[in-house]
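# Structural features, examined
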Amino acid sequence: MPLAPPAATGLAEVVRRRYLLRMLVRNTIQSRYQGTVLGWTWSYLQPAIRFCLFYFLFQVMVGRGGNMENFAVHLFAGMVIVHFFTETFNGGTQSLIQSRGLITKLPVPREMFPVSRMLVAAWHTVPMLVILVFVCLLLGWLPDPVGMAAALLGFTLTALLGLALGLVFSVANVFMRDFGKVAQTLTQFVTFSVPMMYPYTLVQERFGEPIASYYLYNPMAEAVLLIQRGFWTGTTSDPTYTEALHLPDALFTRGVVMTLIALVLVVLAQRLFSRLESRVPERL
Amino acid sequence: MTTMIKTENATKSFTMSYHRSLKQIALAKARGRKTHETFNAVDDVSFTVQEGESVGLMGLNGSGKSTLLKLVSGVMRPDSGSVLTRGRIAGLIATGAGFDPQLTGRDNLYLNAAILGMSRAETDRKFDEIVDFADLGKFLETEVAYYSSGMKARLGFAVAINVDADIFIADEALAVGDRPFKRKCKKRMDEIVKSGVTMFYVSHAPGSVRNLCNRVLVLDHGKLAFDGDVDEGIAFLHYDDDEDEKGRRSDDGLGADI
């Protein structure tokens, strides 16, 4: 064994100590439904009830489905991925501060905490996804390879982006708690800046070019559109027509480019993180 | 001899933030007061520890012992200079840090062991030994939230003391637990020292330092003021005076740690 700095850090170290990572993730998940009789059933009940509400409100009461088929699915599909993103981002931002007791006392690779928050968020997304698929199947949707690729790309993009932001904001939040508030504000903004409560076509109709193009620079808008391609368009009576009408051109090209950029962002975020984290324990 | 810890000109400075909000900073600036001040908690400290040495780290409160220990354990990194170590570091540092009160004693045992760098297989292998040491009986399956403070401390100690380490660090008072448990801890620490593990021990109790260590470092305002023989080190700190009054009962030495 060589002489080395006492504690190894970095994302590679997080992968090496995946046993601890798995345990942190499992414990966080377990403690969410601690003391409830229904236990994990809640993670299905809550999104299921939410979907039923949407369905009743938009499809039955408001009748929004007039010019848009299955608007409840459109809304819920968007929510699944936005929820994944906000939980990764906000959870990641708070992760270092909430693990203060551990970080200030024992040497653990600090990247572990934002990463575990992303995995917890992913885990909580699974029940929502199951309900989405169930509803889609009821509406006659069948998975197609292109659509699945779109959904997968959308989730990858969201995961990488959320992780990059989580890393940067978690460490920034230690130095200035204002960043936690900034993260909250940004996530509110995300909910309204993606084609979830309204179709993308609405942006084009109301604002036209070049605003509609700028709108598409938002990676979360892109991720939501990819999810719509994966689930919502397939539930409509004429998927090809719906795609042509409600989805922008070059959906995949933009998605791949953005995912690659997000990957670069993760690398840069990790660099910034490791530069700042050496002063984290004393600032917590 | 193999060098286990090598510290070269290690310095760690802390900032005292007086005024953190924009308004407070503006007010401080307007009144010509300083907005922040830095000080070196560990100041240009150099030493090496060889394999099998047992080093006692002493000093008054605020002399930088805990910070130096955090540099050695890897919780903090020096601002300048370097701290290098060899092999796995474990020991009685912040035992029980990272306990999740909502989990059972058993789950916390595994979690704590993982935090300290043990694998699943290693924990399985040592499980009986740890449980035996903690002596929790049927409370092992109870949530830690319902533990008495002594039980919590025993579980933390039992895990930490059973991690195989190349460098064993002890920062905590052995003052937790009742007398039988304290004895058990002391016995285990003696065994660790005898087995040739490098020991780095922080204490205010001359009795236990004399017992466990064969070298003493004394810190004073972050600087290394003394490095050498145990009794000379204790005399350097004038810690030997009051000990005569008390007598040299070893348990007192352990108990007076905080």
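Please refer to the structure placed before this passage.
Everything in this summary refers to the structure shown in the same document. Because the structure is a prediction, the values reported are computed rather than measured.

So, about the overall build of chain A. Secondary structure summary: chain A contains 14 helices and zero strands in total. Ordering the α and β elements of chain A from the N terminus gives α-α-α-α-α-α-α-α-α-α-α-α-α-α. Scaling as 2.2 N^0.38, a compact globule of 284 residues should have a C-alpha radius of gyration of about 19 Å, and chain A matches this with 20 Å. Taking the principal axes of its C-alpha atoms as reference, chain A extends roughly 65 × 50 × 35 Å. Taking contacts inside chain A between residues at least 6 apart in sequence as the whole, the part at least 24 apart equals 84%.

Scanning chain B from N- to C-terminus turns up 10 helices and nine strands. Across chain B, contacts joining residues at least 24 apart in sequence account for 74% of those joining residues at least 6 apart.

Turning to the interface of chain A and chain B, a few remarks are in order. At the interface, 23 residues of chain A touch 28 residues of chain B. Per-element accounting of the side of chain A that touches chain B gives the leading share, five residues, to helix α2 (residues 18–32) of chain A. Taken together, the residues that form the side of chain A that touches chain B break down as 15 nonpolar, six polar and two charged.

Moving on to the sheet that holds strand β1 (residues 3–17) of chain B. Residues and elements named next belong to chain B. Taken in spatial order, the three strands make up an open sheet running β2-β1-β4, and their pairing is antiparallel. In the strand order of this sheet, the two ends are held by β2 (36–50) and β4 (80–85), each with one partner. Taken pair by pair, the neighbouring strands of this sheet meet at an average axis angle of 25°, ignoring direction. As judged from the 11 bridges shared by β1 and β2, these two strands associate in the antiparallel manner. When the sheet's bridge partners are listed, K12 is paired in β2 with V42. Across the face of the sheet, helix α2 (residues 65–73) comes into contact with β1, β2 and β4 while running at roughly 60° to β2.

It is worth spelling out unusual backbone geometry at this point. Cis geometry marks the peptide bond from E209(A) to P210(A), where omega comes out at 0°. Here P210(A) shows up in the loop between α9 (200–207) and α10 (211–215). Phi at N9(B) is positive, roughly 45°, even though this residue is not glycine. With a phi angle near 50°, H221(B) is a residue other than glycine that sits in the positive phi range. In this structure, H221(B) sits in the loop between β8 (215–220) and β9 (223–228). H221(B) sits in the partly exposed class, given 14 other C-beta atoms within 10 Å.

The angle between the axes and the distance between the axes are what describe a pair of packed helices. Residues and elements named next belong to chain A. Relative orientation of the contacting elements helix α4 (residues 71–98) and helix α6 (residues 112–138) amounts to 165°, with a least axis distance of 8 Å. On the basis of their axis angle, the class for α4 and α6 is roughly antiparallel. Crossing geometry of α4 relative to α6 is assigned as right-handed. Per-class residue counts for the contact of α4 with α6 are 17 nonpolar, seven polar and two charged.

Let us now look at the packing of α2(A) against helix α3 (residues 105–115) of chain B. One can describe the packing of α2(A) onto α3(B) by two numbers: an axis separation of 9 Å at closest approach and a directional angle of 140°. In terms of orientation, α2(A) lies oblique with respect to α3(B). In the packing of α2(A) onto α3(B), the handedness of the crossing is left-handed. Here Y19(A), L20(A), M23(A) and N27(A) of α2(A) come into contact with α3(B), specifically with Y110(B), L111(B), A114(B) and I115(B). Across the contact of α2(A) with α3(B), the residue classes tally to seven nonpolar, one polar and no charged.

The next thing to look at is the sheet that holds β9(B). Residue and element names in this part refer to chain B. As summarised here, the arrangement of the six strands in space is β5-β6-β7-β3-β8-β9, forming an open sheet in which the pairing is mixed. Each edge of the sheet is formed by a strand with only one pairing partner; in this case those strands are β5 (89–92) and β9. The sheet shows a mean angle of 20° between the axes of neighbouring strands, taken without regard to direction. Alignment of strand β3 (residues 54–59) against strand β7 (residues 198–202), held across four bridges, turns out to be parallel.

Moving on, we come to the environment of R210(B). All names here are of chain B. Within the secondary structure layout, R210 lies in helix α7 (residues 206–212). For R210, a count of 20 C-beta atoms within 10 Å gives the class buried. On a C-alpha basis, the gap between R210 and G117 in space is 30 Å, while along the polypeptide they are 93 residues apart.

This brings us to the environment of S95(A). Residue and element names in this part refer to chain A. Mapped onto the fold, S95 is located in helix α4. Residues S95 and P248, spaced 153 residues apart in sequence, show a C-alpha to C-alpha distance of 36 Å. Leave out the neighbours within four places in its chain, and S95 touches F113, P114, R117 and S170.

Definitions and limits used
Residues numbered from 1 in each chain as written. Chains lettered and ligands numbered in written order. Predicted model: local features only at pLDDT ≥ 70, side-chain atom pairs only at ≥ 80, totals over all residues. Helix = DSSP H or I, 4+ residues; strand = E, 2+ residues; numbered from the N terminus. Rg over C-alpha atoms; globule rule 2.2 N^0.38 Å. Contact = placed C-beta atoms within 7 Å. Nonpolar A, V, L, I, M, F, W, Y, C, P; charged D, E, K, R; others polar. Pairing = 2+ DSSP bridges. Axes fitted to C-alpha atoms, helices over the stretch in contact; angles between N-to-C directions. Buried ≥ 20, exposed ≤ 12 C-beta atoms within 10 Å, placed from the backbone. Parallel < 35°, antiparallel > 145°, perpendicular 65-115°, else oblique. Left-handed = near helix turned anticlockwise from the far one by under 90°.

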